[in-house]
Amino acid sequence: MDNERISHHESVRKMYQKLKEDGINNIWDRYEAQGLGKNPDQRCAFCMGGVRCDLCSNGPCRADVAKDKRGVCGITGDGMAMRKMLLRNIMGASTYHYHCDQTIKTLRATVNSLTPFEIKEPEKLKTFAERLGINNEGSINEIALKFCDFVEADFNRKYYEPSQIVEALVPEERKEVWRKLDIYPGGIYGEMMLASSSCLTNVDGYYVSLALKAMRLGIAMAYQSQIVNEYCQDILFGIPRPHEMRVDLGVLDPDYVNILPNGHEPFMGFAMVQLAREDEWQEKARLVGAKGLRVIANIETGQEMIQRWQMDDVFYGFTGNWIMQEAVLSSGSVDVFVADMNCSMPVDPIYAEKYKFKLVPVSELVAFEGVNERVNYEPELARKQAAELLQMGIDNFKIRRSAVKAVGGLPVNEAIVGFSAESIVEALGGTLDPLLEVIKNGAIRGVAGLVSCTSLRDTGQDVHSVRIAKGLIEKDILVLSMGCGNAAMQVAGLCKLEARELAGPGLKAVCEKLNIPPVLSYGTCTDTGRIADLLAAISSALGDVPIPDLPVAAVAPEYMEQKATIDAVFALALGLYTYVNPVPTVTGAPNLVRLLTKDLKDITGGLLNVEQDPVKAVEGIIQHIENKRKKLGI
């Protein structure tokens, strides 16, 4: 594979060459081996079209809508493709909510003084409780417990009992649309049951019904799982505010004990940083010959951490997104890889053995073949567990240093991270009016929420994402980046002030005035709900303009896994123009494709675009935004 087919990033391309020299199994070679006819992107046509099913013993079945070739049960290709999509959505929603459940569990334990954490943002707790209709009288701990009781009761509401969280947070025009379509959700657990039960063989094979159930689940997930989760993490660990952060593989220094929290949940990572900042632990590291002890942020756990906490010589920096994982692990600088509930790869034990680091699951969700040692996170034990992990790293340092030759000279960059609705409003002087004004006068044509993973489908890691982002800012579109795609922007240099030179004249002028980059680092994929709440605030500030009429777009240039699919379905339910790449596995379902790419515009206001060419994709987003500006008369 040529360089660009590997990655946009020089650091990863360099590490790929090391992986080849070491003869170790790696993601690029595995991807290439999956292709047919020496084309890494060519796969089974039925699978690529989403029209293959093996859910029952009559299968596997293949469908062809053009020939009315159906599965044995009689399901059409359209039903087959949408049912598979809904099953992926259920997995995504379930994983998002697992994270949220752990956050509420941590907040409860913190209120009872059982964790090393504290409520850092009491005013946000009060404000959020008030928005949800919770009586916020009493001490901050009393309010927190009432909040936990309220949200957990809502999570457990029956699917036919309307969610009070959705009722409190969603604009009236969206609620009206969703009630009319019968996609107004109940509790998230009930919605997951309704959706998964519908996917059983011979229960619901109608693609329209399944698509509506997917949107219903997406709404429950975004407001209950995502917004509650992120706002509670803000309450515990701080509201994201802009600050600089070191990024890319050059943050790894082999002369230090390096502990890497990885996945999506930041609890153990934050606990380790707090402990590692104590002189006692730095001295322990120096006694084994290290320069010190560092916690290096990694993937989405790392994003959660770097958005909220400042870097120093202990919390040193951030590596990148999930496709960089094997490059990180083979660097010869890792002592402990702390694997929480997402984005640690089944191949990691091979790397742990080869490059002499400890691989430790810290979530009951995560397991590796041949790895029996684990430290499952419990809020009440967080400090003790963090100490255990730091000690593992210190004990591993001499083993790793004597056995592995580290890679030097890897690049390091800097990014401005930590934007949130609150910090954006603070930067604008306490109100959204300045942002609305530059949108109205055309300096900024619109806003794109880049909510993306990273994928090797069709292009190398982050290549397509960077092309799309550069195309958008060049046309004066402000980009809010989230997910693994956020790491793409950070490592590629689009989240630093110098990147404003790549922006169009209007956006560049705004960036210079506010001293911000043209791509604002807005968090993780879990922040999809946060941006929905921001759009609701913009809608209200403009006089209750319907969300589908705003000059905004959702953009996922390199979606990858199941959480991304439900994010996209939620964006469609919210009424957004939604660009996704690579093309989803629904092309064998022409009626479903027509529903998502054309008919949905008159149902929810949303629209799916799957253009593969980055130039044409940007043109489509721009055209949509200009049409919305024209409709609003701006």
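The structure contained in this document is the topic of the report that follows. None of these values were measured; they are calculated from a predicted model.

Looking only at helices and strands, one finds 26 helices and 15 strands in the protein. For the protein, the C-alpha atoms occupy an extent of roughly 65 × 65 × 50 Å along the three principal directions. Burial status across the protein gives 62% buried among its 634 residues. Taking all contacts inside the protein whose residues are at least 6 apart in sequence as the whole, residues at least 24 apart take part in 76%.

Along the chain, Val-412 turns up in the loop between helix H17 (382-403) and strand S9 (413-417). Exposure remark for Val-412: the relative accessible area of 48% places this residue in the partly exposed category. For the pair formed by Val-412 and Ala-222, sequence separation is 190 residues and the distance between their alpha carbons is 34 Å.

Here a ring pair, both rings aromatic, is described through the centre-centre distance and the interplanar angle of the planes. The tally for this structure, following the rule as stated, stands at 14 aromatic pairs. Between Phe-128 and Phe-147 the ring centres are 5.6 Å apart and the planes differ by 50°, which places this aromatic pair in the tilted class. Placement of the pair is Phe-128 in helix H6 (residues 122-131) and Phe-147 in helix H7 (residues 140-155), with a sequence separation of 19 residues. A centroid spacing of 5.0 Å and a plane angle of 75° characterise the contact between Phe-128 and Tyr-231, whose relative ring orientation is edge-to-face. Residue Phe-128 is located in helix H6, and its partner Tyr-231 is located in helix H11 (residues 207-237); the two are separated by 103 residues in the primary sequence.

So, about the side chain of Ser-452. Examined against the element boundaries, Ser-452 turns out to sit in strand S10 (residues 446-452). Discounting chain neighbours no more than four positions away, the residues touching Ser-452 are Ser-465, Met-482, Gly-483, Cys-484, Gly-485, Ala-556, Pro-557, Glu-558 and Tyr-559.

This part is about the sheet that holds strand S15 (residues 607-609). Taken together, the six strands give an open sheet; going across it, the order is S12-S11-S10-S13-S14-S15, and neighbouring strands pair in parallel fashion. The open sheet has two free edges, formed respectively by strand S12 (519-523) and S15, since each of these has just one partner strand. On average, adjacent strands in this sheet sit at an angle of 25° to one another, irrespective of strand direction. With three bridges connecting them, strand S14 (residues 577-580) and S15 associate as parallel partners.

Here we take up the nonpolar core. Among the nonpolar cores identified, the biggest contains 178 residues, and Phe-147, Trp-178, Tyr-223, Val-228, Leu-389 and Leu-472 are the most heavily contacted of them. In terms of residues, this core owes the most to one element, H11, which gives 18 residues. Among all residues touching Tyr-223, those that are not within four sequence positions of it are Ile-165, Val-166, Leu-169, Val-170, Trp-178, Val-228, Ala-532, Phe-570 and Leu-574. One finds Ile-27, Trp-28, Tyr-31 and Leu-359 within the second-largest nonpolar core, a separate group that totals 41 residues.

This brings us to the packing of helix H12 (residues 267-276) against helix H14 (residues 299-308). Orientation of H12 relative to H14, taken along the N-to-C sense of each, is 50°, at an axis distance of 9 Å. One finds that H12 runs oblique with respect to H14. The handedness of the crossing between H12 and H14 comes out as right-handed. Contacts between H12 and H14 involve Gly-269, Phe-270 and Val-273 from the first element and Glu-304, Met-305 and Arg-308 from the second.

What follows deals with the layout of surface pockets. By volume, the largest pocket is sized at about 930 Å³. In terms of lining residues, the largest pocket is bounded by 28 residues, among which Arg-43, Ser-455, Arg-457, Met-560 and Thr-585 are the most central. The class makeup of the residues in the lining of the largest pocket is 13 nonpolar, seven polar and eight charged. Reported here for the second largest pocket is a volume of approximately 350 Å³. If you go around the second largest pocket, you meet 15 residues; those closest to its centre are Arg-131, Tyr-231, Ala-421, Glu-422 and Asp-533. Elements with a contribution of two residues or more to the lining of the second largest pocket: H6, helix H18 (421-427) and helix H23 (528-541). Its residues assigned to classes, the lining of the second largest pocket shows seven nonpolar, one polar and seven charged.

Bringing the pairing of strand S8 (residues 358-361) into the picture now. In terms of strand pairing, strand S7 (residues 336-339) meets S8 through four bridges, oriented parallel. Bridged to Val-336 within S8 is Lys-358. In this fold, S7 hands off to helix H16 (residues 348-355), which returns the chain to S8; that crossover is right-handed.

How each quantity is defined
Residues numbered from 1 in each chain as written. Predicted model: local features only at pLDDT ≥ 70, side-chain atom pairs only at ≥ 80, totals over all residues. Heavy atoms only, no water. Helix = DSSP H or I, 4+ residues; strand = E, 2+ residues; numbered from the N terminus. Buried < 20%, exposed > 50% of the residue type's maximum accessible area, 1.4 Å probe, protein only. Contact = heavy atoms within 4.5 Å. Phe/Tyr/Trp six-rings, centres within 6.5 Å; stacked < 30°, edge-to-face > 60°. Pairing = 2+ DSSP bridges. Axes fitted to C-alpha atoms, helices over the stretch in contact; angles between N-to-C directions. Core = buried A, V, L, I, M, F, W, Y, C linked by side-chain atoms within 4.5 Å. Parallel < 35°, antiparallel > 145°, perpendicular 65-115°, else oblique. Left-handed = near helix turned anticlockwise from the far one by under 90°. 1 Å grid on protein atoms, 1.4 Å probe; cavity = no way out; pocket = protein on both sides within 12 Å on 5 of 7 lines; lining within 4 Å. Points joined across faces, edges and corners; volume = space filled by probe spheres on them. Nonpolar A, V, L, I, M, F, W, Y, C, P; charged D, E, K, R; others polar. Right-handed = clockwise from strand over helix to strand, strands pointing away.

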